[in-house]
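# Structure assessment
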Amino acid sequence: MAAGPFGALREQLTDAAATFAGSADALAGILAGIVDDVDRALGERLEIFPVCHHSPASALAMVRRLRHKQPKVIYLELCEDLQPLLGELRNCRLPVAVQAFASELDGFPAEWGPLSVVAPVTEASAEYQAIAYALETPGVELVLVDRSTDHVFQWSPRGDAGAATDPPADTAPEAAGGEAGEQTALHGDAVGVEIGDLRPRFAELEAYLLHHGKVRHWSEWWDQYVERPLADADHDTYRQVMVLIGSLFRRLRPARSDRTDRDEDRERYMWTRMREHLAASGADPADCLYVCGAFHAASRVEQFGLDSPAPDFAITPRTGTRWRYGLIPSSHSAIEAQFGLAPGSVSIAAANWTQAVGRSGLTTYRLDGQRGGKGGRGRRKAVPPAAGPAGPVADRLTGFLAAPPPLDGLDEAELRGWCVDIVRLARRNGYLASTADAIAVFETSILLAGLRNRARPTPYDFADAAVTCIEKDVVPGRRDVRRLCEILLGGDRIGQVGYDALPPLARDVLDRLRPLGLDLEKRTIQRALLDLHATPELAGCSDLLWMLRHLLPGDAVRPIMGERRLGHRSIQESWDLALGRHQRALIELGYEGVTIEQVLEQRLRRSVRGPDATAAGALAAVEDAIRLLDSPRLVDELGARAVELLAAERTVDDAPEVLRRIRRLLAHHRATAPTLPAWCEAFVTTGYAHYCTLLPTAFVEEETGVRQVGAMLGFLFSMESLALSLGCDRSQLELAVAQSHPESPAKVALLWAARHQLGLLPLAELRQRCADLLGNPLVVPAFPRYLSGFVHALEPVPGLAPFVVETMSTAFARLPDPVLLPWLPTLITTLREHGPELVPLLVREAARTFPGTLPELDAWVPPWLGPTPGPAPAARATAPTGQVHGLLAAHPMAVDAVAGLLGCDGGWSTPVDAPAGSAATTLLLAHPDTVEAVSVLLGG
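Overview of the structure. This one's a predicted model, so the numbers in the text were calculated from it and none came from an experiment.

### Side note on the overall build of the chain
- Regarding its fold elements, the chain presents 39 helices and 15 strands.
- For the chain, buried positions account for 51% of its 940 residues.
- Long-range contacts, defined here as pairs at least 24 residues apart, represent 75% of the contacts in the chain between residues at least 6 apart.
- When the accessible surface of the chain is summed, it comes to about 42,300 Å², and 56% of that surface belongs to carbon and sulfur atoms.

### Notes on helix α17 (residues 481-488)
- All of the buried residues along α17 are V481, R483, L484, C485 and E486.
- Where α17 is buried, its residues touch α14 (412-428) and α16 (459-470).

### Quick notes on unusual backbone geometry
- A cis amide bond, omega 5°, links L94 with the succeeding residue P95.
- Within the fold, P95 resides in the loop between β3 (92-93) and β4 (96-102).
- Of note, the phi angle at H54 is positive, near 55°, even though the residue is not glycine.
- Within the secondary structure, H54 is located in the loop between β1 (47-51) and α3 (56-69).
- Taking the relative accessible area as the measure of exposure, H54 reaches 8% and is therefore buried.
- A positive phi angle, close to 50°, is found at Q70, a residue other than glycine.

### Points about the nonpolar core
- L513 and F683 are the most contacted members of the largest nonpolar core, which totals 192 residues.
- If near-sequence neighbours (up to four positions away) are discounted, L513 is found in contact with L520, C541, L544, L545, L548 and L579.
- Core analysis: the second largest hydrophobic core is formed by 26 residues, L425, A438, Y460 and V467 among them.

### So, the side chain of Q303
- Along the chain, the position of Q303 falls in the loop between α10 (294-297) and β9 (324-329).
- The exposure class of Q303 is buried, given its relative accessible area of 4%.
- Of note is the side chain of Q303, whose polar atom sits 3.0 Å from the backbone oxygen of P311.
- For Q303, the residues in contact, after removing those within four places along its chain, are R268, W271, R275, S308, A310, P311, D312 and F313.

### Focus: the sheet that holds strand β2 (residues 73-79)
- As summarised here, the arrangement of the four strands in space is β1-β8-β2-β6, forming an open sheet in which the pairing is parallel. Since the sheet does not close on itself, it has two edges, and those belong to β1 and β6 (141-146), each with one partner. Taken pair by pair, the neighbouring strands of this sheet meet at an average axis angle of 30°, ignoring direction.
- Alignment of β1 against strand β8 (residues 288-293), held across five bridges, turns out to be parallel. Of the residues in β8, the one forming a bridge with V51 is G293.
- Packing of helix α4 (residues 126-136) onto the sheet brings it into contact with β1, β2 and β6, and relative to β2 it is tilted by some 135°.

### Examining the environment of F101
- Residue placement: F101 occurs in strand β4.
- Sequence separation between F101 and L115 is 14 residues, and the spatial gap between their C-alpha atoms is 5.7 Å.
- F101 has contacts with P114, L115, S116, R322, W323, R324, E588 and Y591, leaving out every residue within four places of it along the chain.

### Describing the packing of aromatic side chains
- Evaluated as defined, the whole model comprises 18 aromatic pairs.
- A ring pair is formed by F101 and Y591, whose centres lie 5.4 Å apart and whose planes are at 35°; its orientation type is tilted. A residue pair is termed long-range when its members are at least 10 positions apart, and F101 in strand β4 and Y591 in the loop between α20 (583-590) and α21 (596-609) qualify at 490 residues.
- Take F101: its relative accessible area is 7%, and that puts it in the buried class.
- Here Y691 and F715 contribute two aromatic rings whose centre-to-centre distance is 5.2 Å and whose plane-to-plane angle is 75°, an arrangement assigned as edge-to-face.

### Focus: the packing of helix α15 (residues 435-451) against α16
- The contact between α15 and α16 brings their axes to 8 Å, and the two run at 135°. Here α15 is positioned oblique relative to α16, judged by the angle of their axes. Relative to α16, the crossing made by α15 is right-handed. For the pair α15 and α16, contact is made by D437, A440, V441, T444, S445, L448 and A449 and by D461, F462, D464, A465, A466, C469 and I470, respectively.
- Partitioned by chemical class, the residues of the contact of α15 with α16 number nine nonpolar, two polar and three charged.

### Overview of the pairing of β2
- Counting buried positions along β2 yields seven of seven residues, so the element is predominantly enclosed.
- For β2 and β8, the ladder comprises four bridges, and the chain directions are parallel. The residue bridging I74 from the neighbouring strand is L289, located in β8.

### Thoughts on the environment of A615
- One can find A615 in helix α22 (residues 615-629).
- A615 sits in the buried class, given a relative accessible area of 0%.
- Each C-alpha atom, one on A615 and one on V658, is 7.0 Å from the other, the two residues being 43 residues apart in sequence.

### As for α15
- If you check α15, its first and last C-alpha atoms are 25 Å apart, about what 17 residues at 1.5 Å a residue would give, namely 24 Å.
- All of the buried residues along α15 are D437, A438, V441, F442, T444, S445, L448 and A449.
- Considering only its buried residues, α15 is in contact with α14 and α16.
- N453 sits one or two residues past α15 and shows a positive phi near 65°.

### Focus: the pairing of strand β11 (residues 526-531)
- Going residue by residue along β11, you find Q526, A528 and L530 tucked away on one face and R527, L529 and D531 left uncovered on the opposite face.
- Bridge count between β11 and strand β15 (residues 572-577): six bridges; the pairing is antiparallel. Across the sheet, L530 pairs through a bridge with E573, a residue of β15.

### Section: the packing of α14 against α17
- Contact pair α14 / α17: the axes reach a minimum separation of 10 Å and the direction vectors enclose 125°. Taken as axis vectors, α14 and α17 run oblique relative to one another. At the point where α14 passes α17, the crossing takes the right-handed sense. For the pair α14 and α17, the contacting residues are W418, D421, I422, L425 and A426 in the first and L484, C485, I487 and L488 in the second.

### A word on the pattern of salt bridges
- In this structure the tally under the stated criterion is 41 salt bridges.
- Salt-bridge contacts for R558 lead to D576; the nearest nitrogen and oxygen are separated by 3.0 Å. Linking R558 in strand β12 (residues 557-561) with D576 in strand β15, this pair joins segments that are 18 residues apart in sequence.
- Residue class for R558 comes out partly exposed when judged on its relative accessible area of 39%.

Criteria and cut-off values
Residues numbered from 1 in each chain as written. Predicted model: local features only at pLDDT ≥ 70, side-chain atom pairs only at ≥ 80, totals over all residues. Heavy atoms only, no water. Helix = DSSP H or I, 4+ residues; strand = E, 2+ residues; numbered from the N terminus. Buried < 20%, exposed > 50% of the residue type's maximum accessible area, 1.4 Å probe, protein only. Contact = heavy atoms within 4.5 Å. Areas by Shrake-Rupley, 256 points an atom, 1.4 Å probe, with all protein chains shown as cover. Core = buried A, V, L, I, M, F, W, Y, C linked by side-chain atoms within 4.5 Å. Polar contact = N/O pair within 3.5 Å; in protein donor to acceptor, adjacent residues only side chain to side chain. Pairing = 2+ DSSP bridges. Axes fitted to C-alpha atoms, helices over the stretch in contact; angles between N-to-C directions. Phe/Tyr/Trp six-rings, centres within 6.5 Å; stacked < 30°, edge-to-face > 60°. Parallel < 35°, antiparallel > 145°, perpendicular 65-115°, else oblique. Left-handed = near helix turned anticlockwise from the far one by under 90°. Nonpolar A, V, L, I, M, F, W, Y, C, P; charged D, E, K, R; others polar. Expected span 1.5 Å × (residues − 1). Salt bridge = Lys/Arg side-chain N within 4 Å of Asp/Glu carboxyl O.

Have a look at this one:
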């Protein structure tokens, strides 16, 4: 039991377990097992380097080890299919994320799509230092050995693709808000994969550590008890402590679960890949370095180690899903949000990294040409000779665990600078802070550090003190004090993908927009002014911007002036462009095609071929194809699909949208083409038969609204002439109306309007029916519903506008207040909802009917209450003379044509003695009201 370098430590822990737990069984087994895990990991022939993600201590230890060992092969825990992208990091400004993206799935549930996996990379991380060393040092090979992105989803539970996400959410109650909240979505809904997810997966253990560590969240505990003590530790101490922590968290976790099985399968996968590479390359394990998370360094799977007799892990083949790869911008807040870290923790880690590098004098590794910092790798110190074979493992854990934490003296100058700067920053953001607040923050920071057993206040202590002393009850601006502290201590650094690392589509977009003269890679919002009349060569930029407007988020490309409608293009446009802020969305477009036109065409096709495609959606796709692509072939294809979808629909929920769009498309084609396309004719004939078939059912179904029935009738009546010319039978519509027997008052009114339009219900009879309804006390409470139906009837029968105005006026005059007042909100809501279509008809008719001035109103008699017009007076039997006759005589061809259409025979006569049998006289006598109106217009 006492054998090995850690025998003494094992005995001490076993004795302690027996003393404090009263039994040497469970607790002793856990503590002894932790020591065994450390002994096993450090005794492996292939050197294991345990890390924690985005840990400055891990990055510093990695730099020291790489300088000393200078390995020839580095095995890195990262998805193996991401390796070709790592060289593109030199064209980016960190942090960025390596991404794998798939939109067309083969082998995964369709509801999971699109699939996305990201692996963020920051400069203050051990993985970046290893990548930079391998790519910039000749003769060094970098091998990624973790599961592929395809296996990430293969091994996730089928119930939820999001279960593949590695870390849990942080227990911190704060959420990044305001300005920082904009950057938390840089990764979208991608699954995050990182090296070294080191966090307790046992909720009670984490709560215990936070409580006794006197901290609020896990990031602060890690910074105080692990990060700072290991920042200056030697290599052996660092390795042993990290494996110890990984083993502790591994053993103190819930019983076996899907997550545990995935972790162990990943370890088997990585050891299998390393064995395969060593066998194929013949590399010496002494010249290799295995970089993995500390959790996986304490693995107990049977494939662990190069000398394990266990067979290799059976790796399943990848699915047929086609993955696309690229780099997307990342940020500190996006990493914190995705991996459950406390807000500001990654920014604080970056600041600690910068301070530690300056304090230690180390020369870090950096990719040549890396953006966002000094070029190259800086001045390099003398490199020690490469390490020979590893010597025997010495016990460093006993001394590290037994020794008290090193006391870090108070740096008053640093803390004082923080306090002064936070007060200055707070005043700029609207806080009433003063020098007294700076003093209070200084003293409170020291007080909080003392309460938490710290000799030196950490950034977390300082932030808590600033919130306590400066932020009283309200936040005057967008940023609260905690956010200001994050800005002060380093801010939310946002990465950027360089031009050379962008996919071809993104580069093509930037090249085609170059005539605008803007630097579109900046993250600021830039205004673009396009005068297409003075500078016609900018028309291509305008077309591209409208396509980007359709494909990208709304605030990436936003038109300020100008529009693109069917048959209309503005000659002047103004745009707000923020492509730099939405690099991720632009890059992901590049995964779908080579050009914007190709991506837009593919999306339009997918929109009409999906399981939830509708005829209205297909017509919208047709409009987009006409407006944005001007591709007749694609328009015909989408239009034919719209006909198929309309014929297959069994509901009329989208009838209003279908009617609105097909009217617009018909008007466009009539104005721009000599004949209608074949798909338009097919859509009209199919829609006519389809809606005639569904009309009787729609009238009686409660699920079908009045607006939908009105839209169906609007389609049938407005498209009737075209449908009849294309071979449809009007008797089908008459039979559909005759078979309709609605019970709802609003639908009954719609049916009456339809019968009136077909000539089956005269206006006088319709007026009499409404009068009977108002005269029946039992029906009066339901009359507003009839009136709502008549309002909706203006869509299919706009000629009823005078009758609707008459009926509404009568209702307002005769309905009692208990009925009228509750109905008014419904009327207002109906008119507001259908304002663009119905209100103009009512307003024009009301303006024509009602008097225009108040004096006229006193003597005004509604036309429907006036005397019934009698026969024409005898004086009109004579032929009219004067200006009217002269006007008609001056245009004989027009009069002859109208007379022929009306069936009037006879010749022309003179104005003095016009014979009663002449064609003009017959025409004028048959229409005396028209003659009088023309005479008034001419001043006669």
